[in-house]
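A structural walkthrough
Residues per chain, in single letters:
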Amino acid sequence: MKIIVCVKQVPSRDAILRINESGTWIQDRDIAYDVNEPDAYAVEEALQIKEKLVEQGGSAEVIICSLGPDRVQMAIKEGLAKGADRAIHICDPAFDNLDALAQARVMAEVIGKEGFDLIFTGLQSDDYGFAQTGVILGELLGVPSATIAMAVELHDGNKSVRVKRELEAGWFQWYQMPTPASISIQSGLNQPRYATLKGIMNAKKKEIRKVTLADLSISKDLLAPKQTVEKVYFPVKSKKTEIIEGSAKEAAAKLVTKLKQMRAF
Amino acid sequence: MSGILVFAEQREGKLNRVTYEAVVAGQRLAAGLGLPLSVVLLGSGVDSIAQELATKKADAVYLVNNQHLERYTPDGFSLAMRQVIEQLQPQYVLLAHTYLVRDFAPKLATSLGKALVADCVGYKLEGKVLTLVRQIFQGKINADVSIHDSAPILVSFQAGAFRGDDAEAGSAEVKNLSVQLSADQIRLQPQELFREAKQSVDLTQSKIIVSVGRGIKEKDNIAIVEKLAAALDADIGASRPICDSGWLPMERQIGSSGQTVAPKLYLAVGISGAIQHVVGMKNASTIVAINKDANAPIFDIADLGVVGDLFEVVPALVDEIEKAKAEG
């Protein structure tokens, strides 16, 4: 059983974002980056499946796959330190600023050559938030896909997989499909582990295979973006929010006075 | 037709009301671009839903009845929509960005070799040039997105981007459209829908809710917010990450995957205001937000806001509430 987990590195959720001078993207130089949070759940799910298979006398390999500049090695190493077996780093200036489809085309070619039984992606990324990669990978690689997975179970000697999908308003539904398959993992289905010191040490010995445009037989034309961000800006507030100024104590007092006037409590 | 095609969503024979938001987007875009508007409904035995959709202003409602579409599968819906698009040749395909659409629309777009501009919150039309507005970085920043692709362009809109009630009434003609599907094309076997064990906490009836988000940092800090809730005689709610981390039980979750609430007073503490949370609480009468990031999207919907450190503001707030209560 070979499980590929796609991991993206994104600005940390606590990062205070500023817009660059040309207004085309954020100032991305001095901000902290993290593993995209939904992807951490995908990594954990893959590791748990592997552990279960090993416990049953089987085996599995978990491979982290990440597309991005050099800095994403940090995200890759985190996955390796947690227990993934090896990693693929897709890295080439030609892959900067690709749209969802083009990014997935590059990843599909790499993953297709590598071979796989399952592909896990996080539900969506914190930065662009396309929420499409896992589904596009499934289509490009000719395998079934399911999204918003709250549980993943292997059946029939790993020939099929059952996925508990979250629907809206508290509803769920199980889907069964043959492997190989691509599954987008919902946050909260497990408790992602922390890397141990031993894990971090072990990770140093694990392979990170680099892939560049030259290694692929993908034409550059196919990567031309079909959608481009022209301009970014802070949203205009649709509702007039009264911001209460002052120290914590002053603001608290003013807020309580207002709420009392409004008979809000 | 070379016009605008809106995807109508039903599941288990029930129309998803968010469809009307996509219809509104379609009606406005059709008027702006001078294009005809159609709606397409996929399913099996869903004629009455097609009739319901036909009470809105559109040129046609296309009804695709097929036994393989009775239960939703991404394979069935993607293959069927592809055939619909090939027959109708729309310039734009509009969808509501629901869990169902997220599951099949990227697949559909890819099978057509097209872009899906997903989860848009609005659009701008300059002449005939369409620019879409998306939220990035979890709603903290908006992006204007241009499209460089030939028809059809697929666009999904976030819930709440348009008001479904704004759909113009009319009478559209219901037309049948057939697609060819076979059982072996559908690789996924769906099972019955179900809910988890009945939730014991019903926040929909709460008058005051104190809701806590990621800003609380650690499980042990939840106590700070519990004190505030106690002072206000309020119920405790939470955004998804808090329940994901197991800091509060799942039944406290407010938002698209949790409960939808409308209390008199909603205090959002350390909640950034990602759309998944906002859809569950935006109808509260008064929304108060406490957050250290002045650009947090929660301030977009709050009536009253305090930009500051919740670890200072919340205890101060508890003191002031106790004082106010003592004064009567």
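Quick caveat, the model's predicted, so the values are computed rather than measured.

This paragraph deals with the overall build of chain B. Secondary structure assignment for chain B yields 9 helices and 17 strands. When the backbone C-alpha atoms are referred to their principal axes, chain B occupies close to 70 × 45 × 35 Å. Residue pairs at least 24 apart in sequence account for 65% of intrachain contacts in chain B once pairs closer than 6 positions are excluded.

Counting secondary structure elements, chain A contains 6 helices and 13 strands. Referenced to the eigenvectors of the C-alpha coordinate spread, the extents of chain A come out at roughly 65 × 40 × 35 Å. Buried residues in chain A amount to 44% of all 265 residues. Residue pairs at least 24 apart in sequence account for 68% of intrachain contacts in chain A once pairs closer than 6 positions are excluded.

This part is about the nonpolar core. Membership of the largest hydrophobic core comes to 141 residues, with the highest contact counts inside it found for V5(A), L41(B), V61(B) and L94(B). Of the residues forming this core, the biggest block, 8 residues, is contributed by helix 3 (residues 100–114) of chain A. Ranked by size, the runner-up nonpolar core spans 53 residues in total, among them V256(A), L203(B), V212(B) and A302(B).

Quick look at the interface of chain B and chain A now. The interface is formed by 72 residues belonging to chain B together with 69 residues belonging to chain A. When its residues are assigned to classes, the side of chain B that touches chain A shows 34 nonpolar, 17 polar and 21 charged. Two strands pair when backbone bridges link them, and strand 13 (residues 242–243) of chain A and strand 17 (residues 304–307) of chain B are joined in this way by 2 bridges, in the parallel orientation. Its bridge partner being in strand 17 of chain B, E242(A) is matched across the sheet by L304(B).

The strand order 11(A)-5(A)-4(A)-1(A)-6(A)-10(A)-7(A)-8(A)-9(A)-12(B) describes an open sheet built from 10 strands, whose pairing is mixed. Every other strand in the sheet has two partners, leaving strand 11 (208–211) of chain A together with strand 12 (189–195) of chain B as the edge strands with one partner each. Across the sheet, the mean angle from the axis of one strand to that of its neighbour is 30°, orientation sign disregarded. Most of the contacts of helix 3 of chain A go to strand 4 (residues 61–67) of chain A, to which it runs at about 150°, and overall it touches strand 1 (2–6), strand 4, strand 5 (86–90), strand 6 (118–122) and strand 11 of chain A. Sheet strands touched by helix 4 (residues 133–141) of chain A: strand 1, strand 6, strand 7 (145–155) and strand 10 (181–185) of chain A. Its angle to strand 10 of chain A, the strand with the most contacts, is close to 175°.

All right, on to the pairing of strand 7 (residues 116–126) of chain B then. For a regular strand, side chains alternate in direction, first toward one face of the sheet and then toward the other. Residues and elements named next belong to chain B. Alignment of strand 7 against strand 10 (residues 153–157), held across 3 bridges, turns out to be parallel. Note on strand 10: the bridge partner recorded for C120 is F157. Linking strand 7 back to strand 8 (residues 129–136) in an antiparallel pair, the connection comprises 2 residues, with G127 at a positive phi of about 65°.

Geometrically, a packed helix pair is captured by the angle between its two axes and the distance between the axes. Residues and elements named next belong to chain B. Running from N to C, helix 5 (residues 222–232) and helix 9 (residues 310–327) cross one another at 20°; their axes reach a closest spacing of 9 Å. With respect to helix 9, the axis of helix 5 lies roughly parallel. Crossing of helix 5 against helix 9: the hand is left-handed. Only F311, V314, P315, L317, V318, I321 and E322 of helix 9 make contact with helix 5, whose side of the interface consists of I224, V225, K227, L228, A231 and L232. Class assignment for the residues of the contact of helix 5 with helix 9 results in 11 nonpolar, no polar and 2 charged.

All names here are of chain B. When we look at burial in helix 5, the residues that qualify are V225, L228, A229 and L232. Angularly, the buried residues of helix 5 cover 100° about the axis, an arc narrow enough to put them on a single face. Residues of helix 5 that are buried make contact with strand 13 (208–212), strand 14 (235–238), strand 15 (265–269) and helix 9. Where helix 5 ends, the next residue or the one after it, D233, has phi of about 55°, a positive value.

Helix length check: helix 9 of chain B (18 residues) gives 25 Å between terminal C-alpha atoms against 26 Å at 1.5 Å per residue, within 8%. What helix 9 of chain B keeps buried is the set L310(B), V313(B), V314(B), A316(B), L317(B), V318(B), E320(B) and I321(B). As for helix 9 of chain B, its buried residues are in contact with helix 6 (248–261) of chain A together with helix 5, strand 15, strand 16 (286–291) and strand 17 of chain B. One or two residues past the end of helix 9 of chain B sits G328(B), with phi positive at roughly 85°.

Here we take up the confidence of the model for chain B. Per-residue confidence for chain B gives a mean pLDDT of 94; residues scoring 70 or more make up 98%. Both confidence scores are given for the complex: pTM 0.88, ipTM 0.92.

Rules used in this analysis
- Residues numbered from 1 in each chain as written.
- Chains lettered and ligands numbered in written order.
- Predicted model: local features only at pLDDT ≥ 70, side-chain atom pairs only at ≥ 80, totals over all residues.
- Helix = DSSP H or I, 4+ residues; strand = E, 2+ residues; numbered from the N terminus.
- Contact = placed C-beta atoms within 7 Å.
- Buried ≥ 20, exposed ≤ 12 C-beta atoms within 10 Å, placed from the backbone.
- Core = buried A, V, L, I, M, F, W, Y, C linked by C-beta atoms within 7 Å.
- Nonpolar A, V, L, I, M, F, W, Y, C, P; charged D, E, K, R; others polar.
- Pairing = 2+ DSSP bridges.
- Axes fitted to C-alpha atoms, helices over the stretch in contact; angles between N-to-C directions.
- Parallel < 35°, antiparallel > 145°, perpendicular 65-115°, else oblique.
- Left-handed = near helix turned anticlockwise from the far one by under 90°.
- Arc of directions from axis to C-beta.
- Expected span 1.5 Å × (residues − 1).
- pLDDT = per-residue confidence, 0-100.

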